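# Architecture at a glance
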Amino acid sequence: AFQETDPEKRSKNTTLLSLMFLVLAVISLVTHIIQGFMFGKSGEVLTKRLRSLSFKALLQQVPASFLGQSDRQQICSTPAM
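Note that this is a predicted model, so its numbers are computed, not measured.

## Focus on the overall build of the protein
Counting its regular elements, the protein contains two helices and zero strands. A burial count over the protein gives 0% of its 81 residues as buried. Surface exposure of the protein reaches about 7,700 Å², of which carbon and sulfur atoms provide 68%.

## Details of the UniProt feature "transmembrane region" (unreviewed entry) in the protein
Residues annotated in UniProt with the feature "transmembrane region" (unreviewed entry) correspond here to residues 16-39. Spanning residues 16-39, this segment combines 100% helix with 0% strand, and its end C-alpha atoms are found 34 Å apart.

## Some thoughts on the pattern of salt bridges
The tally for this structure, following the rule as stated, stands at two salt bridges. With a closest N to O distance of 3.9 Å, Glu 44 and Lys 41 form a salt bridge. Here Glu 44 pairs with Lys 41, and both are found in helix H1 (residues 7-60), just three residues apart, close to one helical turn. Here the salt bridges share partners, and the residues they tie into one network are Lys 41, Glu 44 and Lys 48.

## So, a nonpolar patch on the surface
A contiguous nonpolar patch, built from Leu 19, Leu 22, Val 26, Val 30, Ile 34, Phe 37 and Met 38 and spanning about 690 Å² of accessible area, is present on the exposed surface. As for its position among the elements, Val 26 is in helix H1.

How each quantity is defined
Residues numbered from 1 in each chain as written. Predicted model: local features only at pLDDT ≥ 70, side-chain atom pairs only at ≥ 80, totals over all residues. Heavy atoms only, no water. Helix = DSSP H or I, 4+ residues; strand = E, 2+ residues; numbered from the N terminus. Buried < 20%, exposed > 50% of the residue type's maximum accessible area, 1.4 Å probe, protein only. Areas by Shrake-Rupley, 256 points an atom, 1.4 Å probe, with all protein chains shown as cover. UniProt positions renumbered as here; feature names shortened; annotations may be inferred. Salt bridge = Lys/Arg side-chain N within 4 Å of Asp/Glu carboxyl O. Patch = residues over 30% accessible without salt bridge, like charges linked within 9 Å, V, L, I, M, F, W, Y side chains within 5 Å.

Put into structure tokens, the structure is as follows:
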């Protein structure tokens, strides 16, 4: 743009390049906003899934820590089916 000797042409090229950089900046801003939103959403979905699987695994375990001593002995002496 600055190699032009005609001031009118130079001004036009400079304006065009400035507008192109402005459009590039707006596109970059929009993509960063979308990227941040999608990263947050994927983190939310992953956290929900992890909590759900952890809770399901917790419910499938034998609640030995919640039982008394006599209940533990009864569970251990009961034959498996």
